[in-house]
Each structure stands twice: as C-alpha cells, then as structure tokens.
Amino acid sequence: MPDNKFKIHIGQRNLKTALAATLCALLYLLCGRNPTFACIGTVFGMGSNIQDSILNGGNRFFGTVIGGVLGMLLFRIYICFVPSGEFRALMLLFLFVGVVLLILTSQMFRWVGAVQPGGVVLCIILFNTPVDDYIFYSVNRMIDTGIGVAIALLVNRLLPRERVDRWKAALLKKGKTEN
C-alpha cells in the first residue's frame, strides 16, 4: 500500500530559489528600488537544473518583453482615441488584437511558453497603468524581470545539484570523522 502521508521536504531547488530571491531583494534594497517584479522573475526562473532554468526564465523574460512591447504599442494607439486612458469598450478590441499578436509573436520566436507571462504584462499595461507612466512602467518590468531571471540562472549555474551533493557528502563525511 502506498504511503500517502504528506512529508515536508526542503530540497536543493527550494533553498536555491530562496537564496536567489533573497540575493535579488538585497540587490534592489541596496539600489533603493522595489524588488517585487525582479523577485518574481527569480522565482519563475529557477528550475531543477540550468536547462530547466533557461526554459522557465526564458518563458518569463521573453513573455514579459513581448507583452511589454505590445502593451506599450497598443496602449499608445489606444490613448490616441481615449486620451485619459480610462477603460472603455474600445479597449476590448485592443486586448483581443494584443493577445492574438502575443501568441503569434511567441510562436514566431518558437517560445510558446512566453504566452502566459506575456499576457499578464499585456493586461497590466492595458488595464492598470496610468497614462503618464505606461512606458516607464513597461520598460522597468522588462528590466526587473531580466535581472531576476539572470540571478536565478547565476545561482543555478554556481550551485548545480552535482556540486551541492559533493559538498553535502564532504560535510557529512567530515562530521562522521569528527565524532
């Protein structure tokens, strides 16, 4: 009979994700900036190995870039018709066109995993960004996400499973010889 009991397990990926997010937040604290979106990029960018991190982080980063660029372009066109930027039924057309373009662009670059994070950024820009700040906001989300993903990749590159397993084995061996 299988053991269906819930077991708490803090593994290497858990610790590397926490380390990467903490390093990211520390970097932003030292720069006097809000680390939220960079930390999200870090958490999304951490994978079980470097290849997985490249895929996860790439999805997040390229999705943010595609969604951000499309959001800026579409929002700029939208405010030509609605200068206040407030939500009107016309925005539904821009959302529809934006999602179609997002999916096509992601397919064109063969990075279909970018659709979900790109859609999030697209919607935030279209529905939740003040008219005066939409370019600044969009560019900052792209930069923050890129920094967060880069930190996740760096931590995963510096601490691959094999290296951490060797350190763990050496520490256990040293602990046994000292007893």
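So, here is what we can say about the structure in this document.

Definitions and limits used
- Residues numbered from 1 in each chain as written.
- Predicted model: local features only at pLDDT ≥ 70, side-chain atom pairs only at ≥ 80, totals over all residues.
- Heavy atoms only, no water.
- Helix = DSSP H or I, 4+ residues; strand = E, 2+ residues; numbered from the N terminus.
- Rg over C-alpha atoms; globule rule 2.2 N^0.38 Å.
- Buried < 20%, exposed > 50% of the residue type's maximum accessible area, 1.4 Å probe, protein only.
- Areas by Shrake-Rupley, 256 points an atom, 1.4 Å probe, with all protein chains shown as cover.
- Lys, Arg positive; Asp, Glu negative; His and termini not counted.
- Charge placed at Lys NZ, Arg CZ, Asp CG, Glu CD.
- Phe/Tyr/Trp six-rings, centres within 6.5 Å; stacked < 30°, edge-to-face > 60°.
- Lys NZ or Arg CZ within 6 Å of the ring centre and 35° of its normal.
- Patch = residues over 30% accessible without salt bridge, like charges linked within 9 Å, V, L, I, M, F, W, Y side chains within 5 Å.
- Salt bridge = Lys/Arg side-chain N within 4 Å of Asp/Glu carboxyl O.
- 1 Å grid on protein atoms, 1.4 Å probe; cavity = no way out; pocket = protein on both sides within 12 Å on 5 of 7 lines; lining within 4 Å.
- Points joined across faces, edges and corners; volume = space filled by probe spheres on them.
- Axes fitted to C-alpha atoms, helices over the stretch in contact; angles between N-to-C directions.
- Parallel < 35°, antiparallel > 145°, perpendicular 65-115°, else oblique.
- Left-handed = near helix turned anticlockwise from the far one by under 90°.
- Contact = heavy atoms within 4.5 Å.

Before going further, it helps to examine the overall build of the protein. If you tally the helices and strands in the protein, you get 7 helices and 0 strands. Put simply, the protein runs from its N terminus to its C terminus through helices and strands in the order α-α-α-α-α-α-α. For the protein, the C-alpha radius of gyration of 21 Å lies well beyond 16 Å, the compact-globule estimate for 179 residues. Along the longest, intermediate and shortest principal axes, the C-alpha atoms of the protein span 75 × 45 × 30 Å. Of all 179 residues assigned to the protein, the portion counted as buried reaches 37%. As displayed, the protein offers around 11200 Å² of accessible surface, 69% of which is attributable to carbon and sulfur atoms. The distance from the centre of the 18 positive side-chain charges to the centre of the 9 negative ones in the protein is 8 Å.

Attention now goes to the packing of aromatic side chains. Applying the stated criterion across every chain, the model contains 7 aromatic pairs. Aromatic side chains phenylalanine 62 and tryptophan 111 sit 4.7 Å apart centroid to centroid with 55° between the ring planes, which places their arrangement in the tilted category. Of this pair, phenylalanine 62 sits in helix H3 (residues 50-81) while tryptophan 111 sits in the loop between helix H4 (90-108) and helix H5 (115-128), placing them 49 residues apart in sequence. A ring pair is formed by phenylalanine 75 and tyrosine 134, whose centres lie 5.0 Å apart and whose planes are at 55°; its orientation type is tilted. Of this pair, phenylalanine 75 sits in helix H3 while tyrosine 134 sits in helix H6 (residues 134-158); the two residues are 59 residues apart in sequence, bridging distant segments of the chain. Since its relative accessible area comes to 0%, phenylalanine 75 is described here as buried. Residue class for tyrosine 134 comes out buried when judged on its relative accessible area of 8%. Clustering of aromatic rings is evident, with ring pairs tying together Phe75, Tyr78, Phe94 and Tyr134. When the ring centre of phenylalanine 44 is taken as reference, the NZ or CZ atom of arginine 60 above it lies at 4.6 Å.

Moving on: a nonpolar patch on the surface. Taken together, the side chains of Ile77, Phe81, Leu90, Leu93, Phe96, Val97, Val100, Leu101 and Leu104 define a hydrophobic patch exposed on the protein surface, amounting to about 810 Å² of accessible area. For the nonpolar patch, the leading source of residues is H4, giving 7 residues. Following the sequence through the fold, valine 100 ends up in helix H4. Residue class for valine 100 comes out partly exposed when judged on its relative accessible area of 37%.

Roughly 160 Å³ of volume is contained in the largest pocket. Residue lining of the largest pocket: Ile10, Gly11, Gln12, Leu15, Lys16, Leu19, Leu159, Val164 and Lys168, and that is the complete set. Those elements that place two or more of their residues in the lining of the largest pocket are helix H1 (12-31) and helix H7 (161-178). When residues in the lining of the largest pocket are grouped by element, the largest group, 4 residues, is from H1.

What follows deals with the packing of H1 against H6. Where H1 meets H6, the closest approach of the two axes is 9 Å, and the angle between their N-to-C directions is 135°. Between H1 and H6, the angle is such that the two are oblique. At the point where H1 passes H6, the crossing takes the right-handed sense. Contacts from Lys16, Leu19, Ala20, Leu23, Cys24, Leu27 and Tyr28 in H1 reach Asp144, Ile147, Gly148, Ile151, Ala152, Val155 and Asn156 in H6.

For the rest of this paragraph, the subject is the pattern of salt bridges. Within this structure, the stated rule accounts for 3 salt bridges. A salt bridge links arginine 88 to glutamate 86; the shortest N-O distance between them is 2.8 Å. By relative accessible area, arginine 88 is classed as partly exposed at 39%. Classification of glutamate 86 by relative accessible area gives partly exposed; the value is 39%.

For the rest of this paragraph, the subject is unusual backbone geometry. The phi dihedral of arginine 110 is positive, around 55°, even though this residue is not glycine. Relative to the elements of secondary structure, arginine 110 occurs in the loop between H4 and H5. Look at arginine 110 and you get exposed, because its relative accessible area is 75%.

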